[in-house]
Amino acid sequence: SELPAYIVRHIEQKRIQGIEIFNNEEFYPRAIDYADQYNLAYIGATDAHYPMDFLFDLKKKFRTLTFVFAKENTPESIKEALYAGRSIAYADQKLAGKENMLKLFLRSSLKVLSYEERNGKFHVRLLNESDIPYLLDNGVLSDRIRIPAHAVCDMTRPLSQLTQPFRVTNMYISSTERLEIPVSYLLASKEMPEMPYVDERKVSFVKEGLSIVLSCGEGDTYYTLDGTEPEFGSASRCEGAIILDAPCKLKACTYKDGKPSRVYERYIGFSRAIKCKGRRQGVSYRYYEGNFKSVSDLEKIGEMKAKGVKSYLEFEDDFRNEDHFGYVYESFLSVPVSGAYGFSLKSNDGSDLFIGGVRVVDNDRAVGYVEANGFVYLEKGCHPLKLRYFDGYSGEYLLMEWICPKQTYGETVSASCLFVE
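A brief look at the structure comes next. (Residues numbered from 1 in each chain as written. Predicted model: local features only at pLDDT ≥ 70, side-chain atom pairs only at ≥ 80, totals over all residues. Heavy atoms only, no water.)

Our next topic: the sheet that holds strand β29 (residues 339-348). If you walk across this open sheet you meet the 5 strands as β24-β32-β29-β34-β35, and the pairing is mixed. The open sheet terminates on both sides in strands that have one partner only, identified here as β24 (270-271) and β35 (411-412). Judged from the 7 bridges that link them, β29 and strand β34 (residues 397-403) form a sheet pairing that is antiparallel. Residue pairing for β34: S344 is matched across the bridge by E401. (Pairing = 2+ DSSP bridges. Helix = DSSP H or I, 4+ residues; strand = E, 2+ residues; numbered from the N terminus.)

Turning our attention to unusual backbone geometry. Most peptide bonds take the trans form, and the phi angle of most residues other than glycine is negative. For the peptide bond that leads from N348 to D349, omega is 20 degrees, which places it in the cis range. Counting through the fold element by element, D349 comes out in the loop between β29 and β30 (351-355). The phi angle at D92 is positive, at roughly 50 degrees, despite the residue not being glycine. Along the chain, D92 turns up in the loop between β5 (87-91) and β6 (94-97). For D92, a relative accessible area of 35% puts it in the partly exposed group. The backbone of K406 sits at a positive phi, close to 75 degrees, despite the residue not being glycine. Within the secondary structure, K406 sits in the loop between β34 and β35. Overall, K406 belongs to the exposed group, its relative accessible area being 81%. (Buried < 20%, exposed > 50% of the residue type's maximum accessible area, 1.4 Å probe, protein only.)

Here we come to the environment of P260. With respect to the element layout, P260 can be found in strand β22 (residues 259-260). The exposure class of P260 is partly exposed, given its relative accessible area of 40%. Separated by 178 residues in the primary sequence, P260 and L82 place their C-alpha atoms 31 Å from one another. Leaving out residues up to four positions away in the same chain, P260 has contacts with M192, P193, C253, T254 and Y255. (Contact = heavy atoms within 4.5 Å.)

Further remarks concern the nonpolar core. Counting residues in hydrophobic clusters, the biggest one holds 49 residues, and the most contacted among them are L95, L106, Y134, M171, V198, L210 and I212. Among the elements that make up this core, the one with the highest residue count is helix α4 (residues 99-109) (4 residues). Leave out the neighbours within four places in its chain, and Y134 touches L95, F105, L106, S109, L110, N128, I145, R146, I147, V168, N170 and M171. Among the nonpolar cores identified, the runner-up in size contains 32 residues, and V283, V361, L387 and L398 belong to it. (Core = buried A, V, L, I, M, F, W, Y, C linked by side-chain atoms within 4.5 Å.)

Turning our eyes to something else, we now look at the packing of aromatic side chains. Aromatic ring pairs: the centre-centre distance and the angle between the two ring planes describe each pair. The full count for this structure, using the stated rule, is 19 aromatic pairs. Taking 5.5 Å as the distance between ring centres and 75 degrees as the angle between the ring planes, the aromatic pair formed by Y185 and Y197 counts as edge-to-face. Placement of Y185 in the loop between β13 (178-182) and β14 (197-198) and of Y197 in strand β14 is noted, with a sequence separation of 12 residues between them. On the basis of relative accessible area, Y185 is assigned to the buried category, the value being 1%. Ring plane angle 75 degrees and centroid distance 5.4 Å describe the contact between F232 and Y255, whose orientation is recorded as edge-to-face. Placement of F232 in the loop between β18 (220-224) and β19 (236-237) and of Y255 in strand β21 (residues 248-256) is noted, with a sequence separation of 23 residues between them. Joined through ring pairs, the aromatic side chains of Y285, Y287, F325, Y327, Y329 and Y389 make up one cluster. For the cation-ring pair, R107 lies above Y185, with the distance from its terminal atom to the ring centre recorded as 6.0 Å. A cation over a ring is seen here: K310 above Y285, with NZ or CZ 4.4 Å from the ring centre. (Phe/Tyr/Trp six-rings, centres within 6.5 Å; stacked < 30°, edge-to-face > 60°. Lys NZ or Arg CZ within 6 Å of the ring centre and 35° of its normal.)

Turning our eyes to something else, we now look at the environment of S344. Structurally, S344 can be placed in strand β29. Classification of S344 as buried rests on a relative accessible area of 6%. When the C-alpha positions of S344 and A366 are compared, they lie 17 Å apart, and in sequence the two are 22 residues distant. Aside from chain neighbours lying at most four places away, what touches S344 is E371, A372, N373, L399, M400 and E401.

In total, this model carries 1 cavity of 30 Å³ or more according to the counting rule given. Within this model, the largest cavity holds a volume of roughly 30 Å³. Forming the walls of the largest cavity are T163, P165, E180, I181, P182, Y197, V198, E200, Y264 and R266. Elements represented by at least two residues in the lining of the largest cavity include exactly β13, β14 and β23 (264-268). If you tally residues by element for the lining of the largest cavity, the top one is β13, at 3 residues. (1 Å grid on protein atoms, 1.4 Å probe; cavity = no way out; pocket = protein on both sides within 12 Å on 5 of 7 lines; lining within 4 Å. Points joined across faces, edges and corners; volume = space filled by probe spheres on them.)

Here the focus is the sheet that holds strand β15 (residues 204-206). Sheet architecture is open: 3 strands sit in the order β15-β16-β20, paired in antiparallel fashion. Bordering the open sheet on either side are β15 and β20 (242-244), each of which pairs with just one other strand. This sheet shows a mean twist of 35 degrees between the axes of neighbouring strands, independent of strand direction. Where strand β16 (residues 209-212) meets β20, 3 bridges bridge the pair, whose relative direction is antiparallel. Paired with S211 across the bridge in β20 is I243. (Axes fitted to C-alpha atoms, helices over the stretch in contact; angles between N-to-C directions.)

Right, let's get into the environment of L186. When you line up the elements, L186 lands in the loop between β13 and β14. Using a relative accessible area of 7% as the deciding quantity, one classes L186 as buried. In sequence terms L186 and K111 are 75 residues apart; their C-alpha atoms lie 8.4 Å from each other.

Next comes the structure, spelled out in C-alpha coordinates:
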(Lines give C-alpha, C1' and ligand atoms only; values in the text may rest on other atoms or scores of the structure.)
Protein backbone atom coordinates (compact mmCIF):
# COMPACT_ATOMS: atom_id res chain seq x y z
CA SER A 1 0.00 0.00 0.00
CA GLU A 2 1.04 3.60 -0.56
CA LEU A 3 1.21 6.36 1.99
CA PRO A 4 -1.87 8.62 2.15
CA ALA A 5 -1.62 11.72 -0.04
CA TYR A 6 -1.62 14.12 2.90
CA ILE A 7 1.36 12.29 4.46
CA VAL A 8 3.24 12.53 1.18
CA ARG A 9 2.52 16.27 1.04
CA HIS A 10 3.95 16.73 4.53
CA ILE A 11 7.07 14.79 3.49
CA GLU A 12 7.49 16.89 0.35
CA GLN A 13 7.11 20.05 2.43
CA LYS A 14 9.78 18.78 4.89
CA ARG A 15 7.34 18.61 7.79
CA ILE A 16 8.01 14.86 8.11
CA GLN A 17 11.66 13.82 7.88
CA GLY A 18 11.74 10.47 9.66
CA ILE A 19 9.67 7.32 10.00
CA GLU A 20 9.34 4.79 12.79
CA ILE A 21 10.58 1.32 11.86
CA PHE A 22 10.37 -0.09 15.39
CA ASN A 23 8.18 0.95 18.31
CA ASN A 24 9.14 -0.87 21.46
CA GLU A 25 9.52 -4.34 19.88
CA GLU A 26 6.87 -3.86 17.20
CA PHE A 27 8.38 -4.06 13.72
CA TYR A 28 6.93 -2.27 10.67
CA PRO A 29 8.82 -3.69 7.63
CA ARG A 30 6.84 -1.66 5.07
CA ALA A 31 8.12 1.52 6.73
CA ILE A 32 11.62 0.61 5.51
CA ASP A 33 10.41 0.96 1.92
CA TYR A 34 8.90 4.37 2.69
CA ALA A 35 12.13 5.51 4.34
CA ASP A 36 14.11 4.51 1.24
CA GLN A 37 11.57 5.96 -1.20
CA TYR A 38 11.34 9.37 0.48
CA ASN A 39 14.86 9.53 2.01
CA LEU A 40 13.54 9.62 5.56
CA ALA A 41 15.49 8.96 8.73
CA TYR A 42 15.12 5.39 10.05
CA ILE A 43 13.80 5.65 13.61
CA GLY A 44 13.64 3.16 16.47
CA ALA A 45 11.48 4.48 19.33
CA THR A 46 9.35 3.36 22.28
CA ASP A 47 6.81 6.11 23.15
CA ALA A 48 7.89 5.46 26.74
CA HIS A 49 7.42 8.28 29.25
CA TYR A 50 9.16 6.48 32.10
CA PRO A 51 12.57 4.89 32.77
CA MET A 52 13.66 2.23 30.23
CA ASP A 53 14.04 -0.49 32.87
CA PHE A 54 10.27 -0.30 33.39
CA LEU A 55 9.82 -1.49 29.81
CA PHE A 56 12.90 -3.65 29.18
CA ASP A 57 14.90 -6.08 31.27
CA LEU A 58 18.14 -4.22 30.60
CA LYS A 59 20.24 -7.01 32.12
CA LYS A 60 19.14 -9.31 29.29
CA LYS A 61 18.57 -7.04 26.29
CA PHE A 62 19.00 -3.54 24.91
CA ARG A 63 16.21 -1.05 24.49
CA THR A 64 15.03 0.07 21.08
CA LEU A 65 17.49 2.62 19.64
CA THR A 66 18.23 4.95 16.74
CA PHE A 67 21.88 4.97 15.63
CA VAL A 68 22.80 8.32 14.07
CA PHE A 69 25.86 8.73 11.83
CA ALA A 70 26.84 12.28 12.76
CA LYS A 71 30.19 13.92 12.05
CA GLU A 72 30.32 15.48 15.54
CA ASN A 73 28.63 14.88 18.87
CA THR A 74 26.68 18.12 18.74
CA PRO A 75 22.95 18.85 18.37
CA GLU A 76 23.56 20.57 15.04
CA SER A 77 25.56 17.66 13.62
CA ILE A 78 23.06 15.08 14.83
CA LYS A 79 20.20 17.08 13.31
CA GLU A 80 22.08 17.33 10.01
CA ALA A 81 22.62 13.53 9.94
CA LEU A 82 18.95 12.81 10.67
CA TYR A 83 17.77 15.23 7.97
CA ALA A 84 20.17 13.49 5.54
CA GLY A 85 18.75 10.06 6.47
CA ARG A 86 22.01 8.76 7.96
CA SER A 87 20.51 6.58 10.68
CA ILE A 88 19.80 2.95 11.53
CA ALA A 89 16.82 1.73 13.55
CA TYR A 90 17.44 -1.06 16.07
CA ALA A 91 15.24 -3.36 18.15
CA ASP A 92 15.53 -6.93 19.42
CA GLN A 93 18.83 -7.55 17.55
CA LYS A 94 17.31 -6.37 14.25
CA LEU A 95 18.77 -3.47 12.26
CA ALA A 96 17.06 -1.53 9.46
CA GLY A 97 18.61 1.15 7.30
CA LYS A 98 20.15 2.12 4.00
CA GLU A 99 22.51 -0.44 2.53
CA ASN A 100 25.59 1.78 2.81
CA MET A 101 24.84 2.58 6.46
CA LEU A 102 24.39 -1.08 7.36
CA LYS A 103 27.62 -2.05 5.61
CA LEU A 104 29.48 0.67 7.50
CA PHE A 105 27.97 -0.53 10.78
CA LEU A 106 28.91 -4.16 10.07
CA ARG A 107 32.48 -3.30 9.08
CA SER A 108 32.86 -1.23 12.24
CA SER A 109 31.60 -4.14 14.34
CA LEU A 110 34.11 -6.73 13.15
CA LYS A 111 37.87 -7.03 13.43
CA VAL A 112 40.02 -9.56 11.56
CA LEU A 113 42.40 -11.19 14.04
CA SER A 114 44.01 -13.60 11.57
CA TYR A 115 43.60 -14.86 8.01
CA GLU A 116 45.36 -17.43 5.85
CA GLU A 117 44.73 -19.64 2.83
CA ARG A 118 45.98 -23.20 2.44
CA ASN A 119 44.93 -26.46 0.79
CA GLY A 120 42.03 -24.85 -1.05
CA LYS A 121 40.50 -23.38 2.11
CA PHE A 122 40.57 -20.10 4.00
CA HIS A 123 40.99 -19.84 7.75
CA VAL A 124 39.84 -16.67 9.45
CA ARG A 125 39.34 -15.51 13.02
CA LEU A 126 36.90 -12.61 13.44
CA LEU A 127 36.21 -10.62 16.58
CA ASN A 128 32.76 -9.07 16.93
CA GLU A 129 33.37 -5.94 18.98
CA SER A 130 29.69 -4.96 19.06
CA ASP A 131 26.75 -5.91 21.28
CA ILE A 132 24.84 -7.36 18.32
CA PRO A 133 25.23 -10.95 17.06
CA TYR A 134 25.17 -11.61 13.31
CA LEU A 135 23.98 -14.62 11.31
CA LEU A 136 25.08 -14.99 7.68
CA ASP A 137 23.07 -17.38 5.54
CA ASN A 138 23.47 -18.50 1.91
CA GLY A 139 20.53 -20.90 1.98
CA VAL A 140 22.59 -23.97 2.95
CA LEU A 141 22.11 -24.84 6.61
CA SER A 142 25.58 -26.32 6.98
CA ASP A 143 27.15 -23.12 5.57
CA ARG A 144 25.59 -20.70 8.06
CA ILE A 145 28.04 -18.34 9.77
CA ARG A 146 27.26 -17.28 13.34
CA ILE A 147 29.19 -14.34 14.77
CA PRO A 148 28.18 -13.88 18.44
CA ALA A 149 28.32 -10.51 20.18
CA HIS A 150 31.62 -9.72 21.94
CA ALA A 151 33.05 -13.07 20.86
CA VAL A 152 35.52 -14.63 18.46
CA CYS A 153 34.30 -16.52 15.38
CA ASP A 154 36.65 -19.07 13.79
CA MET A 155 35.90 -20.17 10.24
CA THR A 156 37.49 -22.77 7.98
CA ARG A 157 35.71 -22.85 4.63
CA PRO A 158 36.41 -23.69 0.97
CA LEU A 159 37.91 -20.77 -0.93
CA SER A 160 34.87 -20.84 -3.23
CA GLN A 161 32.75 -19.51 -0.34
CA LEU A 162 34.76 -16.28 -0.15
CA THR A 163 32.76 -14.72 -2.97
CA GLN A 164 29.40 -16.42 -2.54
CA PRO A 165 26.62 -14.01 -1.52
CA PHE A 166 25.51 -14.36 2.11
CA ARG A 167 22.45 -12.67 3.63
CA VAL A 168 23.00 -10.92 6.95
CA THR A 169 19.70 -12.16 8.36
CA ASN A 170 19.17 -9.41 10.94
CA MET A 171 20.01 -6.46 8.65
CA TYR A 172 16.99 -5.21 6.67
CA ILE A 173 17.40 -3.00 3.59
CA SER A 174 13.73 -3.29 2.56
CA SER A 175 10.55 -4.98 3.72
CA THR A 176 11.60 -8.17 1.93
CA GLU A 177 15.38 -7.92 1.47
CA ARG A 178 18.38 -8.31 3.75
CA LEU A 179 21.88 -7.02 3.28
CA GLU A 180 23.84 -9.38 1.01
CA ILE A 181 27.63 -9.45 1.01
CA PRO A 182 30.41 -11.92 0.20
CA VAL A 183 32.47 -13.18 3.14
CA SER A 184 35.53 -11.53 1.59
CA TYR A 185 33.92 -8.14 2.24
CA LEU A 186 34.44 -8.69 5.97
CA LEU A 187 38.14 -9.49 5.74
CA ALA A 188 39.61 -6.05 5.03
CA SER A 189 40.98 -3.87 7.79
CA LYS A 190 38.92 -0.85 8.80
CA GLU A 191 41.61 1.45 7.44
CA MET A 192 41.23 0.10 3.90
CA PRO A 193 38.69 1.45 1.40
CA GLU A 194 35.47 -0.51 1.04
CA MET A 195 35.90 -3.55 -1.20
CA PRO A 196 33.68 -3.64 -4.31
CA TYR A 197 31.53 -6.69 -5.04
CA VAL A 198 28.75 -7.81 -7.36
CA ASP A 199 25.34 -6.45 -6.35
CA GLU A 200 23.15 -9.54 -6.66
CA ARG A 201 19.95 -7.49 -6.99
CA LYS A 202 21.21 -5.82 -10.17
CA VAL A 203 22.34 -8.87 -12.14
CA SER A 204 20.23 -9.51 -15.23
CA PHE A 205 20.32 -11.14 -18.64
CA VAL A 206 20.39 -8.75 -21.59
CA LYS A 207 20.63 -9.29 -25.34
CA GLU A 208 24.44 -9.13 -25.27
CA GLY A 209 24.91 -11.49 -22.31
CA LEU A 210 24.94 -10.99 -18.54
CA SER A 211 24.76 -7.49 -17.04
CA ILE A 212 26.37 -7.04 -13.62
CA VAL A 213 26.79 -4.00 -11.39
CA LEU A 214 29.50 -3.59 -8.76
CA SER A 215 28.59 -2.21 -5.35
CA CYS A 216 31.35 0.32 -4.70
CA GLY A 217 32.22 2.61 -1.83
CA GLU A 218 33.96 5.97 -2.09
CA GLY A 219 36.88 6.14 -4.51
CA ASP A 220 37.69 4.89 -8.02
CA THR A 221 36.99 1.25 -8.85
CA TYR A 222 38.91 -0.65 -11.54
CA TYR A 223 38.23 -4.16 -12.80
CA THR A 224 39.52 -6.85 -15.15
CA LEU A 225 37.76 -9.86 -16.68
CA ASP A 226 40.78 -12.05 -17.43
CA GLY A 227 42.11 -12.68 -13.93
CA THR A 228 44.84 -10.03 -14.07
CA GLU A 229 45.30 -7.55 -11.25
CA PRO A 230 43.08 -4.42 -11.46
CA GLU A 231 45.77 -1.79 -10.97
CA PHE A 232 44.92 1.89 -10.72
CA GLY A 233 44.76 3.52 -14.16
CA SER A 234 45.77 0.36 -16.06
CA ALA A 235 42.46 -1.53 -15.94
CA SER A 236 38.89 -0.71 -16.93
CA ARG A 237 37.31 1.92 -14.69
CA CYS A 238 33.90 0.97 -13.35
CA GLU A 239 31.35 3.52 -14.53
CA GLY A 240 28.11 1.57 -14.64
CA ALA A 241 26.89 -1.85 -15.67
CA ILE A 242 29.44 -4.37 -16.96
CA ILE A 243 28.22 -6.60 -19.81
CA LEU A 244 29.70 -10.10 -19.96
CA ASP A 245 29.48 -12.12 -23.18
CA ALA A 246 31.03 -15.24 -21.63
CA PRO A 247 31.85 -16.60 -18.16
CA CYS A 248 34.93 -14.89 -16.76
CA LYS A 249 37.20 -14.39 -13.78
CA LEU A 250 36.37 -10.94 -12.42
CA LYS A 251 38.79 -8.96 -10.27
CA ALA A 252 37.96 -5.51 -8.91
CA CYS A 253 39.61 -3.04 -6.55
CA THR A 254 38.68 0.39 -5.22
CA TYR A 255 41.34 3.07 -4.72
CA LYS A 256 40.85 6.02 -2.37
CA ASP A 257 43.53 8.57 -1.49
CA GLY A 258 46.13 6.26 -3.01
CA LYS A 259 45.10 3.27 -0.86
CA PRO A 260 43.71 0.09 -2.45
CA SER A 261 40.86 -1.96 -1.06
CA ARG A 262 40.98 -5.70 -0.73
CA VAL A 263 40.75 -7.21 -4.24
CA TYR A 264 37.40 -8.78 -5.05
CA GLU A 265 37.97 -11.95 -7.04
CA ARG A 266 35.22 -14.18 -8.41
CA TYR A 267 34.56 -16.57 -11.25
CA ILE A 268 31.22 -15.55 -12.74
CA GLY A 269 29.51 -18.42 -14.51
CA PHE A 270 26.30 -18.06 -16.46
CA SER A 271 24.29 -19.93 -19.06
CA ARG A 272 21.86 -18.67 -21.68
CA ALA A 273 18.75 -20.76 -22.28
CA ILE A 274 18.55 -22.88 -25.42
CA LYS A 275 15.67 -24.31 -27.42
CA CYS A 276 14.82 -27.95 -26.71
CA LYS A 277 13.09 -30.15 -29.26
CA GLY A 278 10.32 -32.60 -28.32
CA ARG A 279 11.03 -33.00 -24.60
CA ARG A 280 10.03 -35.89 -22.37
CA GLN A 281 10.70 -36.15 -18.66
CA GLY A 282 13.80 -38.10 -17.74
CA VAL A 283 17.58 -38.33 -17.46
CA SER A 284 19.87 -40.25 -19.80
CA TYR A 285 22.68 -42.22 -18.20
CA ARG A 286 25.81 -44.18 -18.97
CA TYR A 287 27.01 -46.73 -16.41
CA TYR A 288 30.75 -47.47 -16.07
CA GLU A 289 32.90 -49.88 -14.07
CA GLY A 290 36.54 -49.40 -13.12
CA ASN A 291 38.95 -48.35 -10.39
CA PHE A 292 38.21 -44.61 -10.47
CA LYS A 293 40.07 -41.88 -8.60
CA SER A 294 38.34 -38.96 -10.30
CA VAL A 295 35.17 -38.28 -12.27
CA SER A 296 37.37 -37.62 -15.30
CA ASP A 297 38.40 -41.28 -15.18
CA LEU A 298 34.87 -42.44 -16.01
CA GLU A 299 35.05 -41.78 -19.74
CA LYS A 300 38.85 -42.19 -19.93
CA ILE A 301 39.47 -45.62 -18.40
CA GLY A 302 35.99 -46.84 -17.46
CA GLU A 303 34.23 -49.68 -19.26
CA MET A 304 30.68 -48.71 -20.17
CA LYS A 305 28.35 -51.53 -19.18
CA ALA A 306 24.91 -50.01 -19.69
CA LYS A 307 23.07 -46.92 -20.89
CA GLY A 308 19.51 -45.74 -21.06
CA VAL A 309 16.99 -43.27 -19.66
CA LYS A 310 15.89 -43.03 -16.04
CA SER A 311 13.04 -41.07 -14.54
CA TYR A 312 15.52 -39.34 -12.22
CA LEU A 313 19.11 -39.28 -10.93
CA GLU A 314 19.15 -42.69 -9.31
CA PHE A 315 21.28 -45.82 -9.16
CA GLU A 316 20.20 -49.00 -10.95
CA ASP A 317 20.59 -51.87 -8.50
CA ASP A 318 19.95 -54.57 -11.13
CA PHE A 319 23.33 -54.27 -12.80
CA ARG A 320 25.71 -52.13 -10.78
CA ASN A 321 28.71 -53.34 -8.78
CA GLU A 322 28.84 -53.06 -5.02
CA ASP A 323 31.93 -50.85 -5.44
CA HIS A 324 34.08 -49.32 -8.20
CA PHE A 325 31.41 -47.99 -10.50
CA GLY A 326 30.23 -44.66 -11.82
CA TYR A 327 27.57 -42.80 -13.81
CA VAL A 328 27.43 -39.96 -16.29
CA TYR A 329 23.98 -38.37 -16.28
CA GLU A 330 22.81 -35.92 -18.93
CA SER A 331 19.58 -34.00 -19.19
CA PHE A 332 18.05 -30.61 -19.84
CA LEU A 333 17.26 -28.58 -16.75
CA SER A 334 14.13 -26.45 -17.00
CA VAL A 335 14.68 -23.18 -15.11
CA PRO A 336 11.50 -21.37 -13.98
CA VAL A 337 12.93 -17.81 -13.69
CA SER A 338 16.15 -16.01 -14.55
CA GLY A 339 18.53 -15.40 -11.66
CA ALA A 340 21.26 -16.79 -9.41
CA TYR A 341 20.93 -20.49 -8.62
CA GLY A 342 22.81 -22.35 -5.92
CA PHE A 343 23.57 -26.05 -6.37
CA SER A 344 24.72 -28.64 -3.86
CA LEU A 345 26.21 -32.08 -4.46
CA LYS A 346 26.42 -34.55 -1.60
CA SER A 347 28.23 -37.70 -2.63
CA ASN A 348 30.25 -40.70 -1.56
CA ASP A 349 32.64 -40.64 -3.35
CA GLY A 350 33.28 -37.99 -6.04
CA SER A 351 30.98 -35.95 -8.26
CA ASP A 352 30.77 -32.76 -10.30
CA LEU A 353 28.08 -30.78 -12.09
CA PHE A 354 28.09 -28.85 -15.38
CA ILE A 355 25.25 -26.60 -16.55
CA GLY A 356 25.45 -25.02 -19.98
CA GLY A 357 29.09 -26.10 -20.16
CA VAL A 358 29.95 -24.27 -16.91
CA ARG A 359 31.35 -26.37 -14.08
CA VAL A 360 29.10 -25.26 -11.25
CA VAL A 361 30.02 -27.72 -8.47
CA ASP A 362 33.35 -29.49 -7.99
CA ASN A 363 33.05 -32.35 -5.51
CA ASP A 364 35.64 -34.56 -7.22
CA ARG A 365 37.16 -36.20 -4.13
CA ALA A 366 37.71 -39.88 -3.41
CA VAL A 367 37.39 -39.39 0.36
CA GLY A 368 33.93 -40.64 1.30
CA TYR A 369 30.86 -38.51 2.02
CA VAL A 370 31.49 -34.83 1.16
CA GLU A 371 29.21 -31.89 0.31
CA ALA A 372 30.18 -29.14 -2.13
CA ASN A 373 28.28 -26.10 -3.38
CA GLY A 374 28.37 -23.62 -6.24
CA PHE A 375 26.43 -20.75 -7.83
CA VAL A 376 25.58 -19.93 -11.43
CA TYR A 377 23.36 -17.38 -13.18
CA LEU A 378 20.75 -19.08 -15.35
CA GLU A 379 18.34 -17.60 -17.85
CA LYS A 380 14.73 -18.77 -17.78
CA GLY A 381 14.35 -21.81 -20.04
CA CYS A 382 16.31 -25.00 -20.75
CA HIS A 383 19.97 -25.66 -20.02
CA PRO A 384 22.11 -28.73 -20.79
CA LEU A 385 23.04 -30.52 -17.55
CA LYS A 386 25.80 -33.06 -17.03
CA LEU A 387 26.42 -34.80 -13.70
CA ARG A 388 29.29 -37.22 -13.15
CA TYR A 389 29.61 -39.54 -10.17
CA PHE A 390 31.87 -42.39 -9.12
CA ASP A 391 32.02 -44.77 -6.15
CA GLY A 392 35.32 -46.13 -4.90
CA TYR A 393 34.46 -48.47 -2.07
CA SER A 394 32.52 -48.76 1.19
CA GLY A 395 29.32 -46.82 0.69
CA GLU A 396 27.68 -44.99 -2.19
CA TYR A 397 25.53 -41.88 -2.13
CA LEU A 398 24.51 -39.06 -4.47
CA LEU A 399 22.09 -36.16 -3.92
CA MET A 400 21.72 -32.98 -5.99
CA GLU A 401 19.83 -30.00 -4.55
CA TRP A 402 19.28 -26.44 -5.71
CA ILE A 403 18.29 -23.06 -4.31
CA CYS A 404 16.15 -21.05 -6.71
CA PRO A 405 15.99 -17.22 -6.65
CA LYS A 406 13.93 -15.83 -3.75
CA GLN A 407 14.03 -19.19 -1.96
CA THR A 408 15.49 -19.42 1.53
CA TYR A 409 16.74 -23.01 1.58
CA GLY A 410 17.67 -25.71 -0.87
CA GLU A 411 15.51 -28.57 -2.06
CA THR A 412 15.87 -31.63 -4.23
CA VAL A 413 15.68 -30.88 -7.94
CA SER A 414 12.25 -32.13 -9.00
CA ALA A 415 12.07 -34.81 -11.68
CA SER A 416 9.56 -32.55 -13.46
CA CYS A 417 12.43 -30.11 -14.18
CA LEU A 418 14.59 -32.68 -16.00
CA PHE A 419 14.02 -33.63 -19.65
CA VAL A 420 15.57 -35.57 -22.51
CA GLU A 421 15.03 -35.03 -26.22
